[in-house]
Amino acid sequence: MKRLLSSVTDGKGFDILLVGLPLLFLLAFSGLPLLYNVLMSFQEVDIFSLGRLIRPFVGLDNYRELFAAPEFWPIMWNTVLFVVCSIAGQFTLGLALALFFDTGFRGSSFLRGLFLVSWVMPGLVVGAIWNWILSGDFGVLNYLLTSTGLISENIFWRSDVDYSLWAVVLANIWLGTSFNMILLSVGLAGIPKDLYEASELDGANVLQRFFTITLPMMRSTIGAVVSLGLIFTLQQFDLFAAITSGGPANSSNVAQYWAWELSFRQYDFAKGATVSTLMIITVMIAAVLYVRSTRHEVRI
């Protein structure tokens, strides 16, 4: 024990301690709950057996019943639409803003900082703000659309089955655009300016420089942004709870909100854990694809 303590105090083994403590923390507060969630998806769990570890084992029955549920595939389709449209909107606007602020005009740093306000705001607060914006009777969005002649009558964004999901998509794009902008700005800052100057001397226009220099040089950054966007979007819960509550008629329900409904409204904890396990698998596949796509850049 004395040798162990001396190895820490004199610097030897301190790096192991520095890495080991966070790993133990992650294992205790993330790893074990994750394994517990996966275990529940193979068991029969109700509110009375929730506190026990040993419960009836049902194999893949929870997955079979979940796939056979009539609402499963519509909710999964909603999830795909929500994730794809949110990531596409956040990335497109974030890249446009990153390119805009990369020009370095006066006050660009200050304005870039203002855009972070949306990212640091809690999801429930953002949901409350967008509740007012999307209100069918007095919402700002309806006022702007009717004033410009794009619509002739108010749209009830939150209660119309055709628009409820897109209402949350709009709010989520607004919430995540600034985060995409900051990460993409870092990627843009790492591109040598000499490349742009040389290509400009060779006669390359703006679009040619963008597609032959900017995008290829930002491949790893774009991969990280998309991967993080997928993770953050799949765990987005607050906006659904604040804006639509998954309704009406599951038209805006997605996997993460459905898992909460199954567990804490219907008290079907096994089915809720099953949905969560499917989401975990999806995120792991996306992480593997991202690592494989940028593997050659890591080696460099």
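The rules we used
Once a new chain begins, its residue numbering starts again from 1 and follows that chain's sequence as written. With the structure being a predicted model, the display of local features is reserved for residues of pLDDT at least 70 and the display and counting of side-chain atom pairs for 80 or more, all residues being used for whole-chain, interface and lining totals. As a rule here, side-chain values come from all non-hydrogen atoms in the structure, and water together with hydrogens is ignored. Each helix is a run of H or I in the DSSP string that is no shorter than four residues. Each strand is a run of E no shorter than two, and both are numbered from the N terminus. A simple rule labels every residue: compare its accessible area, found with a 1.4 Å probe on the protein chains alone, to the largest value its type can have, and call it buried under 20%, exposed over 50%, or partly exposed in between. Should any heavy atoms of two residues lie within 4.5 Å, those residues are considered in contact. We define a salt bridge as a side-chain nitrogen of Lys or Arg found within 4 Å of a carboxyl oxygen belonging to Asp or Glu. Definition used in this section: a nonpolar core is a set of buried Ala, Val, Leu, Ile, Met, Phe, Trp, Tyr and Cys residues joined via side-chain atoms within 4.5 Å. Lines fitted to C-alpha atoms define the axes here, with helix axes fitted over just the stretch in contact, and angles between the N-to-C directions of these axes take values from 0 to 180 degrees. Roughly parallel covers angles under 35 degrees, roughly antiparallel covers those over 145, roughly perpendicular covers 65 to 115, and oblique covers all other angles. Left-handed describes a crossing whose near helix is turned anticlockwise from the far helix by less than a right angle; the clockwise case is right-handed. Residues are sorted three ways: Asp, Glu, Lys and Arg are charged, Ala, Val, Leu, Ile, Met, Phe, Trp, Tyr, Cys and Pro are nonpolar, and all the rest, Gly among them, are polar.

### Details of the overall build of the chain
- For the chain, the helix and strand inventory stands at 16 helices and zero strands.
- Taken along the three principal axes of its C-alpha coordinates, the chain extends 75 × 70 × 30 Å.
- Here the chain, with 300 residues, has 38% of them falling under the buried criterion.
- Counting only contacts in the chain whose residues sit at least 6 apart along the sequence, the fraction spanning at least 24 positions is 64%.

### Digging into the pattern of salt bridges
- In total, this model carries five salt bridges according to the counting rule given.
- Of the charged contacts, one joins Lys-271 and Glu-65 as a salt bridge, the two residues approaching to 2.6 Å between their closest N and O atoms. Note that Lys-271 is positioned in helix H15 (residues 269-293) and Glu-65 in helix H3 (residues 61-68), a separation of 206 residues in sequence.
- Judged by relative accessible area, which is 48%, Glu-65 ranks as partly exposed.
- One salt bridge connects Lys-271 with Asp-268, and the closest N-O pair in it is separated by 3.7 Å.
- Under the relative-accessibility criterion, Lys-271 is labelled buried at 12%.
- Overlapping salt bridges, with partners in common, bring together Glu-65, Asp-268 and Lys-271 in one network.

### Observations concerning the nonpolar core
- Phe-82, Trp-157, Leu-239 and Phe-240 are the most contacted members of the largest nonpolar core, which totals 22 residues.
- For this core, the elements supplying multiple residues, two or more each, are helix H7 (123-133), helix H8 (140-147), helix H9 (164-189) and helix H13 (238-243).
- Counting residues per element, this core draws most heavily on H9, at seven residues.
- Setting aside residues no more than four positions away along its own chain, Phe-82 makes contact with Leu-165, Val-168, Val-169, Asn-172, Thr-233, Gln-236, Phe-240, Val-254 and Gln-256.

### Here we look at the packing of helix H4 (residues 72-101) against helix H12 (residues 219-234)
- Between H4 and H12, whose axes approach to 10 Å, the crossing angle comes to 135 degrees. One way to sum up the angle between H4 and H12 is to call them oblique. In the crossing of H4 with H12, the sense of the turn from one axis to the other is right-handed. When H4 is examined against H12, the residues Thr-79, Phe-82, Val-83, Ser-86, Ile-87 and Phe-91 are found in contact with a partner set consisting of Ile-222, Val-225, Val-226, Gly-229, Leu-230, Thr-233 and Leu-234.
- By residue class, the composition of the contact of H4 with H12 is nine nonpolar, four polar and no charged.

### Here's the deal with unusual backbone geometry
- Put simply, Gly-247 and Pro-248 share a cis peptide bond, and its omega is -5 degrees.
- Among the structural elements, Pro-248 can be located in the loop between H13 and helix H14 (255-264).
- Unlike most non-glycine residues, Ala-249 shows phi in positive territory, near 55 degrees.
- For Ala-249, the location among the structural elements is in the loop between H13 and H14.
- At Asn-250, a residue that is not glycine, the phi angle is positive and equals roughly 60 degrees.

### So, the side chain of Thr-277
- Checked against the element boundaries, Thr-277 lands in helix H15.
- Not counting residues up to four positions away in its chain, the partners in contact with Thr-277 are Asn-37, Val-38, Ser-41 and Tyr-63.

It is worth stressing that arrangement in space is one thing and function is another; only the former is reported here.
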